[in-house]
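Chains, contacts and geometry: an overview
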Protein chains: 2
Amino acid sequence: MRTFTHGTLSDCGLVPMARKKTKTPTIKDVAAAAGVSTSTVGRVLGGYGYASPETRRRVMKAAKQLGYRPNAIARSLKTKQSRIIGFFLSSITNLFHARIAEGLQEVASSYGYNVVICCTGLNANRASAFGQMLLESQAAGVVFSVPGDEAVIRVAQSLLDNDIPVVTCHGSIRIPSQDRIVCDDFQGGYLAAKHLVELGHQRIGIIGVKDSGTSARRIQGAASFLKEHGIVPSRVSIVEVVSYSTESGYTGVKLLSARDEKPSAIIAANDLMALGVLECLEEMELRVPEDVSVIGFDDSFAEMTRPRLTTVALPMYEAGQVAAQLLLERIEGKDVGEERFITLPERLVVRESTTVYR
Amino acid sequence: MRTFTHGTLSDCGLVPMARKKTKTPTIKDVAAAAGVSTSTVGRVLGGYGYASPETRRRVMKAAKQLGYRPNAIARSLKTKQSRIIGFFLSSITNLFHARIAEGLQEVASSYGYNVVICCTGLNANRASAFGQMLLESQAAGVVFSVPGDEAVIRVAQSLLDNDIPVVTCHGSIRIPSQDRIVCDDFQGGYLAAKHLVELGHQRIGIIGVKDSGTSARRIQGAASFLKEHGIVPSRVSIVEVVSYSTESGYTGVKLLSARDEKPSAIIAANDLMALGVLECLEEMELRVPEDVSVIGFDDSFAEMTRPRLTTVALPMYEAGQVAAQLLLERIEGKDVGEERFITLPERLVVRESTTVYR
DNA sequence: TTGAAAGCGCTAACAC
DNA sequence: GTGTTAGCGCTTTCAA
């Protein structure tokens, strides 16, 4: 699949290697070709200011003919702002981050902005190096989707000091008085409990994670629904484990079975834990969902478990889109007032791990 | 968590809103402060050319004192090249792409380059829009990790026409005479077969995917090992299904069971299919791995299945790193000669779905 | 409605 | 070793 190019003198080896690559045309070349000034070309191509229809036509034609392409760098030098949006995340292999990135990118690029990924891992140095780079390349804005440690906050602050707007999108980070997007953990928990109760379950086990705000809110949401709908409190067991892991899910079930009331349905604080729950239940020769219903959170790999996991899905893609939207409004200097705090609703995805009681 | 800033006159509301934000210092300011010329500053800060130790010291000090930060945009305008590397991929939520992206980003940023993600989805327009943007922002290089349709090839070509180096990294795309990185599918297949034979299996079932080069190479690799090690050909069954899906894996097992020789081990062309295999086997009341061993490819979610899947892992992270390396060499104009073709070895990950025969 | 011209901040050729 | 200077390609006054 060879591409043929026009034959030139250099093809016959008689002229130096010079690779005469015709210089990319600039606004100046277009101006010359159209017989107008560069400022006129700028006006019509940039779409601002006035130009007579005739001139406009001529410029357009010349530009097309020359294959003119604006130089974003030159423009940025003048406007003191590139069309780069930085995205801080710990790892792009984390499905949540990937979904956010995709939503972000989609909206950003529809506005002509590029998304630069800044995977910080657990490394604080890395974060500040990215901050540096973003500053040097005159980034237009930055979204943070990382744990909010001190180093990161400092980075955000230095960005803000340079008038680069910043938003946070999911993740424990909180930057004082900046736009923030989160998922409605409480409502997600509420949804999970609602689903189970509607299926007729009355004895509910909940496995939460210690010291996790997200887990706490999910539990609160579930508990709130349960209370509102007359579920006898003594029939609701809440246990707490140390981490969001399969092992913890497993442990959680053990803890639950030590209680007086054996649950007919279990809410795990995320899918990974729900997987551990499934595993433990199988060992105990309890069938899911016939004997026990199980529900997780996140919708991260719920399609892959057997039975397929009923779960509460998080709107990460939308979160990314909203993050872009809010950021872009700030970037373009719209008067949107104070900091904004957006809470996105979660959504129940019913699969195979839950069914009617008895 | 409020950050206190130095009190200024404007704090007391007596001066206009003006936000006197002290203009970011430029090379000029540093020059003035150090009592030298801008070119000297450029030389010491840029690290090229000569400068006496004394001058160097003075410049450094002035730069630090002023909080000088080079303006990447201005530099790019001059050098006609930004430090942006474009990464074309269909979706970042695809784990492979995410891993490549991470490897790519890691190396790229260690060299001071930024990675811009270009998620094309299945949309050809999108690809050319990204190409446009990359051209306009004077990208330094681009890596492609997408299906190689015509539109994308055109984009790559236009990049090349503008002297922007391009490499492909995993994915069916092939750009004539450019560096290319792939995983060694053949060797992966070989590895899978070797593992099973070493466990004592003699009757092997292989489920491949029609019209897939990757699948074909994996099968060839497996077949090759089998032949070399005296496995009776009639005891090896190869069936082909239509897609890389759970359903296809399921179908594959059905196809295999219709054959005379019932396999004691099954190789599925990827993990998704292996999941279907697991499912079908369970329905047939065959235990894995006691009755049948199962092996997949990709290591995409093999930790999540029950039993956990033995699989052949693809070195995507490394692929991303290598892609960055090759690209950077081209970008920095190293004389690395002709197009390079790198084949990365795959790796067997033994989990629970395979065991010794009988 | 259009044009001339002054930079944006940096690099690099050239002169000293 | 160091300084002068001319741009890179664009935007944006200001005048015409």
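Here, every reference points to the structure presented above.
Figured I'd write up the structure that's included with this text.

What counts and how
Residues numbered from 1 in each chain as written. Chains lettered and ligands numbered in written order. Predicted model: local features only at pLDDT ≥ 70, side-chain atom pairs only at ≥ 80, totals over all residues. Heavy atoms only, no water. Least-squares fit on C-alpha atoms with pLDDT ≥ 70 in both. Contact = heavy atoms within 4.5 Å. Helix = DSSP H or I, 4+ residues; strand = E, 2+ residues; numbered from the N terminus. Buried < 20%, exposed > 50% of the residue type's maximum accessible area, 1.4 Å probe, protein only. Buried area = accessible area lost by both parts, 1.4 Å probe. Salt bridge = Lys/Arg side-chain N within 4 Å of Asp/Glu carboxyl O. Polar contact = N/O pair within 3.5 Å; in protein donor to acceptor, adjacent residues only side chain to side chain. Pairing = 2+ DSSP bridges. Axes fitted to C-alpha atoms, helices over the stretch in contact; angles between N-to-C directions. Near = heavy atom within 4 Å. Nonpolar A, V, L, I, M, F, W, Y, C, P; charged D, E, K, R; others polar. Parallel < 35°, antiparallel > 145°, perpendicular 65-115°, else oblique. Phe/Tyr/Trp six-rings, centres within 6.5 Å; stacked < 30°, edge-to-face > 60°. Lys NZ or Arg CZ within 6 Å of the ring centre and 35° of its normal.

1. Quick look at the relation of the copies chain B and chain A
The two copies are related by a screw operation: chain B maps onto chain A through 180° of rotation and 0.0 Å of translation along the axis, at an RMSD of 0.1 Å. Taken together, these values place the two copies in the relation of a two-fold axis. Of every C-alpha in chain B, the one belonging to Val116(B) sits nearest the axis of rotation, 2.2 Å from it. A shared binding surface is used by both copies, with 100% of the interface residues of chain B retained as interface residues in chain A.

2. Quick word on the side chain of Thr168(B)
Residues and elements named next belong to chain B. With respect to the helices and strands, the residue Thr168 is situated in strand β4 (residues 166–169). What makes Thr168 buried here is its relative accessible area of 2%. Setting aside its immediate chain neighbours within four residues, Thr168 contacts Phe144, Ile173, Ile175, Asp179, Arg180 and Ile181.

3. Thoughts on the interface of chain B and chain A
Across the boundary between the two partners, chain B contributes 55 residues, which contact 55 residues of chain A. For the pairing of chain B and chain A, the buried interface totals around 4,700 Å² over both sides, and the portion due to carbon and sulfur atoms is 61%. By the criterion of area lost to chain A, the three top residues of chain B are Arg69(B), Ile73(B) and Met304(B), representing 14% of everything that side buries. The interface formed by chain B and chain A includes 4 salt bridges. In this structure, Arg306(A) and Glu279(B) form a salt bridge, with 2.9 Å as the shortest nitrogen-oxygen distance. Taken together, the links from chain B to chain A amount to 12 residue pairs in polar contact (both at pLDDT 80 or more). Elements with a minimum of two residues in the side of chain B that touches chain A: α4 (72–79), α5 (95–110), β2 (114–119), α6 (124–136), α7 (150–161) and α11 (271–283) of chain B. Element by element, the count of residues in the side of chain B that touches chain A is highest for α5(B), at 8 residues.

4. So, the sheet that holds strand β12 (residues 347–349) of chain A
Residue and element names in this part refer to chain A. Reading across from one edge, β7-β6-β8-β9-β10-β12 is the order of the 6 strands in this open sheet, with mixed pairing throughout. Every interior strand has two partners, whereas the edge strands, β7 (236–241) and β12, have only one. This sheet shows a mean twist of 20° between the axes of neighbouring strands, independent of strand direction. Summarising the sheet, strand β8 (residues 265–268) and strand β9 (residues 293–298) pair through 3 bridges and their orientation is parallel.

5. Structural notes on the protein's contact with DNA strand C
As a structural note, the neighbourhood of DNA strand C is formed by 24 residues, with Thr40(A), Ser52(A), Thr55(A), Ile27(B) and Tyr68(B) the closest of them. The contact atoms of DNA strand C, taken as those within 4 Å of the protein, divide so that sugar and phosphate hold 64%. For DNA strand C, a base nitrogen lies 3.0 Å from a polar atom in the side chain of Lys78(A). Here a phosphate oxygen of DNA strand C sits 2.4 Å away from a polar atom, N or O, in the side chain of Tyr68(B). Contributing elements (two or more residues each) for the surface near DNA strand C: α2 (38–46) and α4 (72–79) of chain A together with α4 of chain B. Residues of the surface near DNA strand C, tallied by class, amount to 10 nonpolar, 9 polar and 5 charged.

6. Considerations on the environment of Val115(A)
Looking at the element boundaries, Val115(A) is found in strand β2 (residues 114–119). Expressed as a C-alpha distance, the spacing of Val115(A) and Ser128(A), which sit 13 residues apart in the sequence, is 18 Å. In this structure Val115(A) touches Ile85(A), Phe87(A), Leu104(A), Gln105(A), Ala108(A), Val115(B), Val116(B) and Ile117(B), once residues within four positions along its chain are discounted.

7. Brief notes about the packing of helix α1 (residues 27–34) of chain B against helix α2 (residues 38–46) of chain B
Residues and elements named next belong to chain B. Interaxial distance between α1 and α2 falls to 8 Å at its minimum, and their mutual angle equals 105°. Viewed along their axes, α1 and α2 adopt a mutual orientation that is roughly perpendicular. Contact residues: Ile27, Lys28, Val30 and Ala31 in α1; Thr38, Val41 and Gly42 in α2. For the contact of α1 with α2, the class distribution of residues is 4 nonpolar, 2 polar and 1 charged.

8. Overview of the packing of aromatic side chains
All names here are of chain A. Inspection of the entire model under this criterion finds 6 aromatic pairs over all chains. Each ring, one from Tyr190 and one from Phe225, has its centre 5.0 Å from the other, and the planes form 90°; the classification is edge-to-face. Here Phe225 lies in helix α9 (residues 213–228) and Tyr190 lies in helix α8 (residues 185–198), a separation of 35 residues in the sequence. In this structure an aromatic cluster arises from ring pairing among Phe88, Phe130 and Phe144. When the ring centre of Tyr113 is taken as origin, the NZ or CZ atom of Arg83, which lies over that ring, is 4.3 Å away.

9. Things to note about the sheet that holds strand β7 (residues 236–241) of chain B
Residue and element names in this part refer to chain B. Read across the open sheet, the 6 strands follow the order β7-β6-β8-β9-β10-β12; overall the sheet is mixed. Two strands in the sheet have a free side with no partner beyond their single neighbour: β7 and β12 (347–349). Adjacent strand axes in the sheet meet at a mean angle of 20° when their direction is disregarded. Sheet strands touched by helix α9 (residues 213–228): β6 (204–209), β7, β8 (265–268) and β9 (293–298). Its angle to β6, the strand with the most contacts, is close to 160°. Docked against the sheet, α11 engages β6, β7, β8, β9 and β10 (310–313), running at close to 160° with respect to β9.

10. Focus on the environment of Glu303(B)
Residue and element names in this part refer to chain B. If you trace the backbone, Glu303 turns up in the loop between β9 and β10. Taking the C-alpha atoms as reference, Glu303 lies 8.1 Å from Arg351; in sequence the two are 48 residues apart. In this view, Glu303 contacts Arg308 and Arg351; residues no more than four positions away in its chain are not counted. Side chain to side chain, Glu303 and Arg308 meet in a polar contact 3.4 Å long.

11. Thoughts on unusual backbone geometry
With an omega of 5°, the peptide bond running from Val288(B) to Pro289(B) counts as cis. Between Arg306(B) and the following residue, Pro307(B), the backbone shows a cis peptide bond with an omega angle of -5°. Residue placement: Pro307(B) occurs in the loop between β9 and β10. Its identity as a non-glycine residue notwithstanding, Asp163(A) has a phi of 65°, on the positive side. Along the chain, the position of Asp163(A) falls in the loop between α7 (150–161) and β4 (166–169). One non-glycine residue, Glu285(B), adopts positive backbone phi at about 60°. For Glu285(B), the location among the structural elements is in the loop between α11 and β9.

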